[in-house]
Amino acid sequence: MLFNSYPFMFGFLPIVLAGYFILNRLRLTLCAKVWLTLASLVFYGYWNIKYVPLILLSIFFNYVMGHFIHSTTAKRRRPLLIFSLSTNILLLGYYKYTDLFYRKLE
């Protein structure tokens, strides 16, 4: 399912938005955030289920790093931020470009 496909625009997106706004209107903001997170995992899982654990691991890593950055002294924040950003960029680069390099070598 792509962002510009009819199933997304007329099926998935309206259901997700309706659920989010209904939960917010009922003042269930935590439930609304969980709803969006689960909808995001369903969306990416629909594309390829094997990447859902990778996304969950990335979410967990970023949460932990954000907690460390927030709770440390100002002197240690910058190296932690650089490490976190570098890890995310390397992960993105690996999954985006590895296949391209393998195809070039064949």
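Residues numbered from 1 in each chain as written. Predicted model: local features only at pLDDT ≥ 70, side-chain atom pairs only at ≥ 80, totals over all residues. Heavy atoms only, no water.

(A) Here's a closer look at the environment of Leu28. You can see Leu28 is positioned in the loop between helix 1 (6–25) and helix 2 (29–47). The spacing of Leu28 and Pro79 is 51 residues in sequence and 36 Å in space, taken between C-alpha atoms. (Helix = DSSP H or I, 4+ residues; strand = E, 2+ residues; numbered from the N terminus.)

(B) How the structure looks around the nonpolar core. Judged by nonpolar contacts, Phe8, Phe12, Val16, Ala39 and Phe43 together constitute the single largest core of five residues. For this core, the secondary-structure elements that each account for two or more residues are helix 1 and helix 2. When residues in this core are grouped by element, the largest group, three residues, is from helix 1. Here Phe8 is in contact with Met1, Leu2, Phe3, Leu13, Pro14 and Phe43, once residues within four sequence places are set aside. (Core = buried A, V, L, I, M, F, W, Y, C linked by side-chain atoms within 4.5 Å. Buried < 20%, exposed > 50% of the residue type's maximum accessible area, 1.4 Å probe, protein only. Contact = heavy atoms within 4.5 Å.)

(C) Structural view of helix 1. Compared with the 28 Å implied by 1.5 Å per residue over 20 residues, the 27 Å span of helix 1 between its first and last C-alpha is a close match. The largest bend in helix 1 comes to about 35°, at Leu13, with the proline Pro14 one to four residues further on. Along helix 1, the residues classified as buried are Phe8, Phe12, Val16, Gly19 and Leu23. Contacts from the buried residues of helix 1 go to helix 2. Phi for Arg27, located one or two positions after helix 1, is positive at around 60°. (Expected span 1.5 Å × (residues − 1). Bend = angle between axes of the 7 residues up to and from the residue.)

(D) Seen up close, the packing of helix 2 against helix 3 (residues 52–71). Where helix 2 contacts helix 3, the two axes come as close as 9 Å, and the packing angle between them is 145°. Facing helix 2, whose interface residues are Leu41, Tyr44 and Gly45, helix 3 presents Val52, Ile55 and Leu56. Its residues placed into classes, the contact of helix 2 with helix 3 shows five nonpolar, one polar and no charged. (Axes fitted to C-alpha atoms, helices over the stretch in contact; angles between N-to-C directions. Nonpolar A, V, L, I, M, F, W, Y, C, P; charged D, E, K, R; others polar.)

(E) Up close: the environment of Tyr102. Among the structural elements, Tyr102 can be located in helix 4 (residues 74–105). The exposed category is assigned to Tyr102, whose relative accessible area is 53%. Remark: the alpha-carbon pair of Tyr102 and Val34, spanning 68 residues in sequence, is separated by 38 Å.

(F) Broad picture of the side chain of Thr72. Within the secondary structure, Thr72 sits in the loop between helix 3 and helix 4. Once you skip the residues sitting within four places of it in the chain, Thr72 turns out to touch Arg77 and Leu80.

(G) Inspection of a nonpolar patch on the surface at higher detail. Together, Tyr6, Met9 and Phe10 line one region of the surface with nonpolar side chains, adding up to about 380 Å² of accessible area. For Tyr6, a relative accessible area of 60% gives the class exposed. (Patch = residues over 30% accessible without salt bridge, like charges linked within 9 Å, V, L, I, M, F, W, Y side chains within 5 Å. Areas by Shrake-Rupley, 256 points an atom, 1.4 Å probe, with all protein chains shown as cover. Salt bridge = Lys/Arg side-chain N within 4 Å of Asp/Glu carboxyl O.)

(H) Looking closely at helix 3. With 20 residues, helix 3 extends 29 Å between its outermost C-alpha atoms, agreeing within 8% with the 28 Å of an ideal straight helix rising 1.5 Å per residue. Among all positions in helix 3, only Val52, Met65 and Ile69 are buried. All buried residues of helix 3 fall inside an arc of 155° around its axis, so they share one side. Structural note: helix 3 exposes Pro53, Leu57, Phe60 and Tyr63 on the side pointing more than 90 degrees away from its buried face. (Arc of directions from axis to C-beta.)

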